[in-house]
Amino acid sequence: MNTREKYQQHVNTNALKKVQPIVIERGQGASVWDESGREYVDLFSGISVVNTGHCHPEVVQAATAQIGRLVHTNSYLYHNRPTADFAEALATVMPSPPEGPGAAGTEDKALRVSFFGNSGAEAIEGAMRLAKQYTGRTEFVALEMSFHGRTLATLSVSGNWRRKKKGGPYLPGVAFAAVPYTYRSPYGSDPETCARACAADLERVIDLHTSGNVAAFIAEPVMGEGGIIVPPSKYFQLVKEILDSKGILFIADEVQSGFARTGKMLAIEHYGVVPDIVVTAKGIASGFPLSAFTTREEIAKAFTPGDHLSTFGGNPVCCAAALATLGVIRKERLVEQSEAKGKKLIEKLRGLAEKHSAIGEVRGLGLMIGMELVSDRAKKTPDAGLAERVQDRMLEAGFLLGVGGTYGNVLRVQPPLVIGEEALDRAVGAMDGALGAG
Ligand SMILES: Cc1ncc(COP(=O)(O)O)c(C=O)c1O
């Protein structure tokens, strides 16, 4: 049996509409190669994971060296150096409290204590548990169209019925507030109006749809699976004021938007807000499974002996890869690269919108870009069929592209941040052709 046949026989792919019909053999930088040696430009980074590119030599070297020394002991039962080093480094990535790091009396507010897991969902679950224990409250508020993972608790706070269908009943004590999605907001497309109306809706939901016992509000600073939704610039400031006035924590889910993806180290930096807990995963270790929830000491202390553990969480190999990842992001200025390349790419993709009426909106921050496809621009009718056809044609043309969105009609362009301008230009050309074929 060849690889695809073995998948059909022995890998449960029934939860997917289809697996892309290629077998990926190796990857380097922004490209992968299939078994026949054909090269594909990766515009999706394994769902926004390999931000430093495939098999970055420094990440490979750090992981390989660590594999030769120590693969596993459990990072909570015993100390190990890579876990300690990465935990220290991760604290430097976190947004600083308003007074600035290290200023007198502010140290306790620094987000510097991390708990490591393996996946985004595991870290979100841990953050939810910690928020409950710290506040002594039990409920959560999340956003419509949000996505936080595939486990029971994370699906419970995900505002996406397509992901949730047939999986219920979900956890009680979860309420959903209006999504700040200017393209489709009932409050209109003006960002300021949308921000104010959606923040007001959050307050209304907390007051009327919960019992007032809310531990945390959880949100993605830029929403990934929902269709690369970028909330208006004022939104999170207005939200944080409401949350602070009610003693509710803000958990920022940076699983997809973090680690230089949006032209900032963390997407919440675009909003000038400091969350109480920040969850990271995906891009933090360039493809090695690692996640974290990071908070200030006062909140971290709400865990008492026996409350939490993870067998593989904070694995030394993954932490060594994560430390190297951070080094590469800084050395190669990937934050700046993401911002600059993203701006140019958005402009070029918006240029395509002048020619192709199927493009309803091009939006994004840095190299986290979405193109919303519609069959009727005036009515904004989602065209999921076209999104799928464009994805297929792009594959034929040698490009891996993501599709997502609440209505399945958003092309997701989230390439490795090291991608070259020439590859991006070729991708725009291919996209032009794929859209032109209807
Ligand atoms: C914003 C966000 N949170 C959480 C998750 C879950 O992460 P994982 O698949 O690693 O469990 C995802 C995955 O796509 C995500 O995009």
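Since this is a predicted model, take the numbers as computed values, not measurements. (Residues numbered from 1 in each chain as written. Predicted model: local features only at pLDDT ≥ 70, side-chain atom pairs only at ≥ 80, totals over all residues. Heavy atoms only, no water.)

Caption draft 1: Quick look at the site of the ligand. The environment of the ligand is made up of Ser-119, Gly-120, Ala-121, Phe-147, His-148, Gly-149, Glu-220, Glu-225, Asp-253, Val-255, Gln-256 and Lys-282. Here an oxygen atom of the ligand sits 2.8 Å away from a polar atom, N or O, in the main chain of Gly-120. Contact distances for the ligand include 2.7 Å between an oxygen atom and a side-chain N or O atom of Gln-256. Within the complex, the protein chains bury 82% of what would otherwise be the 390 Å² of accessible surface of the ligand. Its residues assigned to classes, the shell around the ligand comprises 3 nonpolar, 5 polar and 4 charged. (Near = heavy atom within 4 Å. Polar contact = N/O pair within 3.5 Å; in protein donor to acceptor, adjacent residues only side chain to side chain. Areas by Shrake-Rupley, 256 points an atom, 1.4 Å probe, with all protein chains shown as cover. Nonpolar A, V, L, I, M, F, W, Y, C, P; charged D, E, K, R; others polar.)

Caption draft 2: Inspection of a nonpolar patch on the surface at higher detail. Together, Tyr-7, Val-11, Leu-16 and Val-19 line one region of the surface with nonpolar side chains, adding up to about 350 Å² of accessible area. Note on placement: Val-19 falls in the loop between helix H1 (3–10) and strand E1 (24–28). Its relative accessible area of 42% is what places Val-19 among the partly exposed residues. (Patch = residues over 30% accessible without salt bridge, like charges linked within 9 Å, V, L, I, M, F, W, Y side chains within 5 Å. Salt bridge = Lys/Arg side-chain N within 4 Å of Asp/Glu carboxyl O. Helix = DSSP H or I, 4+ residues; strand = E, 2+ residues; numbered from the N terminus. Buried < 20%, exposed > 50% of the residue type's maximum accessible area, 1.4 Å probe, protein only.)

Caption draft 3: Representation of the sheet that holds strand E3 (residues 39–42). Spatially, 4 strands are ordered E1-E2-E3-E14 in an open sheet, and the strand pairing comes out mixed. Sheet topology places E1 and strand E14 (399–400) at the edges, where each strand pairs with a single neighbour. Strand direction decides the pairing type here: E1 and strand E2 (residues 31–34), joined by 4 bridges, are antiparallel. Paired with Gln-28 across the strands is Ser-31, a residue of E2. (Pairing = 2+ DSSP bridges.)

Caption draft 4: Region of the structure containing the packing of aromatic side chains. Applying the stated criterion across every chain, the model contains 9 aromatic pairs. Here the aromatic residues Phe-217, Tyr-235, Phe-236, Phe-250 and Tyr-271 are joined through ring pairs into a cluster of three or more. The positively charged end of Lys-380 is found above the aromatic ring belonging to Tyr-183, 4.5 Å away from the centroid. (Phe/Tyr/Trp six-rings, centres within 6.5 Å; stacked < 30°, edge-to-face > 60°. Lys NZ or Arg CZ within 6 Å of the ring centre and 35° of its normal.)

Caption draft 5: Broad picture of the side chain of Asn-409. As for its placement among the helices and strands, Asn-409 is situated in the loop between strand E15 (402–404) and strand E16 (410–413). The class for Asn-409 is buried, based on a relative accessible area of 1%. With sequence-adjacent residues up to four places away left out, Asn-409 is seen in contact with Arg-184, Met-371, Glu-372, Leu-373, Pro-382, Asp-383, Ala-384, Ala-387 and Gly-404. (Contact = heavy atoms within 4.5 Å.)

Caption draft 6: Representation of the nonpolar core. Phe-86, Phe-217, Leu-349, Val-390 and Met-431 are the most contacted members of the largest nonpolar core, which has 97 residues in total. For this core, the element with the highest residue contribution is helix H11 (residues 316–331), accounting for 9 residues. The next biggest cluster of nonpolar side chains, apart from the first, holds 24 residues, and it includes Phe-115, Met-128, Ala-153 and Ile-277. (Core = buried A, V, L, I, M, F, W, Y, C linked by side-chain atoms within 4.5 Å.)

Caption draft 7: Just the packing of helix H13 (residues 384–396) against helix H14 (residues 421–436), in detail. Contact pair H13 / H14: the axes reach a minimum separation of 9 Å and the direction vectors enclose 130°. Taken together, the axes of H13 and H14 lie oblique to each other. Viewed along their axes, H13 and H14 form a crossing whose handedness is right-handed. Here Leu-386, Val-390, Arg-393 and Met-394 of H13 come into contact with H14, specifically with Ala-427, Ala-430, Met-431, Ala-434 and Leu-435. Across the contact of H13 with H14, the residue classes break down as 8 nonpolar, no polar and 1 charged. (Axes fitted to C-alpha atoms, helices over the stretch in contact; angles between N-to-C directions. Parallel < 35°, antiparallel > 145°, perpendicular 65-115°, else oblique. Left-handed = near helix turned anticlockwise from the far one by under 90°.)

Caption draft 8: Inspection of the side chain of Asp-34 at higher detail. Looking at the secondary structure, you find Asp-34 in strand E2. Of note is the side chain of Asp-34, whose polar atom sits 2.8 Å from the side chain of Ser-36. At 3.4 Å, the side chain of Asp-34 and the side chain of Tyr-40 are in polar contact. In this view, Asp-34 contacts Val-23, Ile-24, Glu-25 and Tyr-40; residues no more than four positions away in its chain are not counted.

Caption draft 9: Looking closely at the environment of Ala-387. Tracing the chain through its elements places Ala-387 in helix H13. Accessibility expressed as a relative area gives 0% for Ala-387, which makes it buried. Remark: the alpha-carbon pair of Ala-387 and Gly-408, spanning 21 residues in sequence, is separated by 7.5 Å. Excluding residues that lie within four positions of it along the chain, Ala-387 makes contacts with Leu-373, Val-403, Gly-408, Asn-409 and Leu-411.

Caption draft 10: Focus on the pattern of salt bridges. A complete count under the given rule lists 25 salt bridges for this structure. When the shortest N-O distance is used, the salt bridge between Lys-331 and Glu-58 registers 2.6 Å. Here the residue Lys-331 occupies a position in helix H11, and Glu-58 occupies one in helix H3 (residues 57–69), the gap between them amounting to 273 residues. Look at Lys-331 and you get exposed, because its relative accessible area is 56%. Across the pair Glu-298 and Arg-296 runs a salt bridge, and its minimum N-O distance is 3.4 Å. For Arg-296, a relative accessible area of 15% translates into the label buried. The network of salt bridges with shared partners includes Lys-240, Asp-244, Asp-276, Arg-296 and Glu-298.

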